[in-house]
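# Fold and geometry: a report
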Protein chains: 2
Amino acid sequence: MAEEPKDSVRRGRGRRPAVEVREAVLEAAGAMLFESGLTGITFEKVAARAGASKMTLYKWWPSPGALAFEAYFGAVESTLAFADTGDVERDLTAQLHAFVGLLTDPRTGHVIAQLVGAAQSDTALAAALAEHYTHPRRLLAVERLTRAQALGQIHADVDPQVVVDQLWGACYHRLLLPDAALDAAFADALVRNLLRGIRS
Amino acid sequence: MAEEPKDSVRRGRGRRPAVEVREAVLEAAGAMLFESGLTGITFEKVAARAGASKMTLYKWWPSPGALAFEAYFGAVESTLAFADTGDVERDLTAQLHAFVGLLTDPRTGHVIAQLVGAAQSDTALAAALAEHYTHPRRLLAVERLTRAQALGQIHADVDPQVVVDQLWGACYHRLLLPDAALDAAFADALVRNLLRGIRS
């Protein structure tokens, strides 16, 4: 059994502020997630790596899955940020290129597929995925689309929520039910089809 | 242990033609899939229920997962058939209503989510999903879209494969990463956005 790391915070470097501990825990969980996947994430292992108390983790996260999703969300947030050049087609395309890059990176792509997959038969994990990943990611995309809509670049009667499924959801489809290439050309086609319409 | 059902075919009703046995096996596997999910599918249990030899199942399917996907595909095929009234918007909408109905039916929706989820960390299952479900389903949709394209209803430079991800893939997104309603109104919006375009 590994030594209980409960006291290492105080012993090693004095008591750290909670916000720093939280950050260290999320960083450790993110790194471990990319190294060994979801099954590698336990409160005990993450606490040991972050030099934090296991009890603290139990207090802050309802489950290792919830911690894993929050760590994943934090790790990919900057990669998936939206530019706002005023050109909605260019901005969506650039963001989708970054997203496709993440989904096809052999490290991150497999992890997110595994996380989503595991959530399908684990209700606690599904709740954590929705709260700490799906919902906040969706909000960021809806915000960017709503801004374009306010500027009159997107029809007023279009529901931005549906657009999210037709851009990012389409990418998840090629990740989770793979049968066609998930690449930058695909991202370009998604934006083009949707903005211009496919009807002759 | 259950009695080995190897001889029941001959004993009970004489030797059935292979095509009938195959059909009985797929029917049994489909019913068991909806009753107890993917974990309920073993060659032994399906063979017993279909009155077939377990060895036959081993010969015909590389794994219980492959059998499960073929059974699922067969079970939903007629529900998901494409009409061809000549009106591509109406036909796509009708088909997507049926698809959304399947994904939101408490019996079938959970099963498909489970199947896709399990495939994310099981390469044999992933191969079976791709071969016996994803690829043939995609082909049927691409055929219908290509017909519309040939009639000049869809732009010649649109890749029907991408359209599949923006209609059916968008529905899978709301099933697998749920955060917004998966219903007929959503299906309508998917078709409308894509056919007409969302740009002002």
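The coordinates are above.
Here's what I pulled together on the structure shown here. (Residues numbered from 1 in each chain as written. Chains lettered and ligands numbered in written order. Predicted model: local features only at pLDDT ≥ 70, side-chain atom pairs only at ≥ 80, totals over all residues. Heavy atoms only, no water.)

### Some words on the environment of A:Val158
Selection criterion: Counting from the N terminus, the helices are the DSSP runs of H or I reaching at least four residues and the strands are the DSSP runs of E reaching at least two. Three exposure classes are used, based on accessible area relative to the maximum for each residue type with a 1.4 Å probe and protein chains only: buried under 20%, partly exposed in between, and exposed over 50%. Note on contacts: a residue pair qualifies if any of its non-hydrogen atoms lie within 4.5 Å across the two residues.
With respect to the helices and strands, the residue A:Val158 is situated in the loop between helix H8 (123-150) and helix H9 (160-176). Judged by its relative accessible area of 8%, A:Val158 is buried. Separated by twelve residues in the primary sequence, A:Val158 and A:Thr146 have C-alpha atoms spaced 9.8 Å apart. With residues up to four places along the chain from it excluded, the contact list for A:Val158 reads A:Gln149, A:Val163, B:Asn193 and B:Ile198.

### Section: helix H7 (residues 106-119) of chain B
Residues and elements named next belong to chain B. The test is simple: Take the number of residues in a helix, subtract one, and multiply by 1.5 Å to get its expected span. Between N or O atoms, a polar contact is any pair within 3.5 Å; within protein, one atom must be a potential hydrogen donor and the other a potential acceptor, and residues adjacent in sequence are included only when both atoms are from side chains.
Taking 1.5 Å of rise per residue, the 14 residues of H7 would be expected to cover 20 Å, and the 20 Å separating its terminal C-alpha atoms lies within 8% of that figure. In terms of burial, H7 is largely enclosed, as ten of its 14 residues are buried. Every buried residue belonging to H7 is among Thr-108, Gly-109, Val-111, Ile-112, Ala-113, Gln-114, Leu-115, Val-116, Gly-117 and Ala-119, and all of these are buried. Looking at where H7 begins, the residue whose side-chain oxygen comes 2.8 Å from the main-chain nitrogen of Arg-107 is Asp-105.

### What about the packing of helix H6 (residues 88-104) of chain B against helix H8 (residues 123-150) of chain B?
Residues and elements named next belong to chain B. Rule in force here: Note on method: axes are straight lines fitted to C-alpha atoms, helices fitted across the in-contact stretch only, with angles between N-to-C directions ranging 0 to 180 degrees. Here the angle decides the label: under 35 degrees means roughly parallel, over 145 means roughly antiparallel, 65 to 115 means roughly perpendicular, and every other value means oblique. Left-handed describes a crossing whose near helix is turned anticlockwise from the far helix by less than a right angle; the clockwise case is right-handed. Charged means Asp, Glu, Lys or Arg here, nonpolar means Ala, Val, Leu, Ile, Met, Phe, Trp, Tyr, Cys or Pro, and polar covers whatever is left, Gly included.
With their axes 10 Å apart at the nearest point, H6 and H8 run at an angle of 160° to one another. Taken together, the axis directions place H6 and H8 in an arrangement best described as roughly antiparallel. Helix-helix and strand crossings are classified by hand; for H6 and H8 the assignment is right-handed. Contacts from Val-88, Asp-91, Leu-92, Gln-95 and Phe-99 of H6 reach H8 at Tyr-133, Arg-137, Arg-144, Leu-145 and Ala-148. Grouping the amino acids of the contact of H6 with H8 by side-chain chemistry returns six nonpolar, one polar and three charged.

### Focus: the packing of H9(A) against helix H9 (residues 160-176) of chain B
Contact geometry of H9(A) with H9(B) gives a least axis separation of 6 Å together with a crossing angle of 95°. Comparing the axis directions of H9(A) and H9(B) gives the class roughly perpendicular. Note on element contacts: H9(B) touches H9(A) through B:Gln161, B:Val162, B:Val164, B:Asp165, B:Gln166, B:Leu167, B:Gly169, B:Ala170, B:Tyr172, B:His173, B:Arg174 and B:Leu176, opposite A:Gln161, A:Val162, A:Val164, A:Asp165, A:Gln166, A:Leu167, A:Gly169, A:Ala170, A:Tyr172, A:His173, A:Arg174 and A:Leu176. Residue composition of the contact of H9(A) with H9(B), grouped by class: twelve nonpolar, eight polar and four charged.

### A short note on the nonpolar core
Test applied: Buried residues of nine kinds, namely Ala, Val, Leu, Ile, Met, Phe, Trp, Tyr and Cys, make up a nonpolar core once their side-chain atoms join them within 4.5 Å.
A:Tyr72, A:Tyr133, A:Trp168, B:Tyr72, B:Tyr133 and B:Trp168 are the most contacted members of the largest nonpolar core, which has 141 residues in total. In contact with A:Tyr72, other than residues within four places in its own chain, are A:Leu33, A:Phe34, A:Leu102, A:Thr108, A:Val111, A:Ile112, A:Leu115 and A:Tyr133.

All we've got here are geometric facts, nothing functional implied.
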